[in-house]
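# Structure assessment
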Amino acid sequence: MYQNPMAQGAAALNIDPKLLKDHFEEFYEDVFEEFSQYGKIDAMHVMDNLSDQLVGNMYCMYEDEEGAAKALTALNGRFYAGRPIMAEFSPVTDFHEARCRQFDEAICNRGPQCNFMHIKPLSRELCRRLRIEPPSTGRPKGGDDRGKGGGGGGGYGGQEGGRDRDRDRDRHDERRSSRRDEERRSERRDGERREERRSERRDERRSERRDERRGEPAAAPPGPPPADSGAAPPPPAQ
Ligand SMILES: [Zn+2]
């Protein structure tokens, strides 16, 4: 949804960074206000990655599932800046884990093709205008500091149907969208696998997370933007 100028040749143009920042902040503000209509937003992250599966993606976490569901329904079928919006529930609930910490420290040597989330930073002024807390790059609020997986850059942004919200929430307990079903059942029963990966504080955290009752759709772009700048792809012919 975010049309990153860097995906459209801006890097070669030597554009004033201030203009690029303004461009991004206008986008963010616009979308944030639009998305706020559906519910209270907990966090909204725009990806700076240029890799195929993340370019233009953004994630909006609502305080409750109603907000997420409303947004999903309202956004699909709409267009933004001439392109169709493709919204879906996201299996990512733990942004802290999926984000690239090296990018946060400006030392990611994988660059824009990195498979971890390169979350565009928000300026203080922008946060003030939108009356949101400046996001820290540390622990997300809610204390969701589950064990670090570290691996599998491609585990998020998968094609989730997003129809069944309850099932979806259970899925959220799984960080990865695949291998969920059997694992989910056995986890419920005895939590063994979790035990392997995480500390004994698991149960405590799980219930904390339950209490938070969050839902989150992600608005994804239709795909990589065209190589040349400007022209949006035409909507389907008929
Ligand atoms: Zn990175």
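For the structure itself, look to the data block above.
About the cut-offs
Residues numbered from 1 in each chain as written. Predicted model: local features only at pLDDT ≥ 70, side-chain atom pairs only at ≥ 80, totals over all residues. Helix = DSSP H or I, 4+ residues; strand = E, 2+ residues; numbered from the N terminus. Buried ≥ 20, exposed ≤ 12 C-beta atoms within 10 Å, placed from the backbone. Contact = placed C-beta atoms within 7 Å. Pairing = 2+ DSSP bridges. Arc of directions from axis to C-beta. Expected span 1.5 Å × (residues − 1). Core = buried A, V, L, I, M, F, W, Y, C linked by C-beta atoms within 7 Å.

## Topic: the overall build of the protein
Within the protein, the secondary structure is distributed over nine helices and six strands. Scored against the burial criterion, the 238 residues of the protein give a buried share of 26%. A fraction of 69% describes how many contacts in the protein between residues 6 or more apart in sequence connect residues 24 or more apart.

## What to know about the pairing of strand β2 (residues 58-62)
Across the five residues that make up β2, a large majority, five, are buried. Across the two faces of β2 the burial is the same, with Met58, Cys60 and Tyr62 and Tyr59 and Met61 all buried. Sheet topology note: the strand β1 (residues 41-46)/β2 ladder contains five bridges and is antiparallel. Bridging across to β2, Val46 finds its partner in Met58.

## What about helix α2 (residues 65-75)?
Residues of α2 that are buried include every one of Gly67, Ala68, Ala71, Leu72 and Leu75, and no others. End-on view of α2: buried residues confined to an arc of 130 degrees, all on one side of the axis. Directly after α2, the chain includes Gly77, whose backbone phi takes a positive value near 95 degrees.

## Focus on helix α1 (residues 17-36)
In this model α1 runs 28 Å from its N-terminal to its C-terminal C-alpha over 20 residues, within 8% of the 28 Å that 1.5 Å per residue would give. Residues of α1 that are buried include every one of Phe24, Tyr28 and Phe35, and no others. Viewed end-on, α1 has its buried residues packed into an arc of 40 degrees, placing them on one side of the element. When the buried face of α1 is taken as reference, the exposed residues oriented beyond 90 degrees from it are Lys18, Leu19, Asp22, Glu26, Asp30 and Glu33.

## Comments concerning the environment of Ser123
Within the secondary structure layout, Ser123 lies in the loop between α4 (101-104) and α5 (124-130). Residue Ser123 is classed as partly exposed on the basis of its 13 C-beta neighbours within 10 Å.

## Considerations on the nonpolar core
Residues Phe35, Met47, Met58, Cys60, Tyr62, Ala71 and Leu72 are the most contacted members of the largest nonpolar core, which totals 30 residues. Among the secondary structure elements, those contributing two or more residues to this core are α1, β1, β2, α2 and β5 (86-89). If one sorts the elements of this core by residue count, β2 sits on top with five residues.

## Comments concerning unusual backbone geometry
Residues other than glycine seldom take positive phi values, yet Asn14 does so here, at roughly 60 degrees. Here Asn14 shows up in the segment before α1. By the C-beta count within 10 Å, which is 7 here, Asn14 ends up exposed.

On their own, these measurements won't tell you what the molecule is for.
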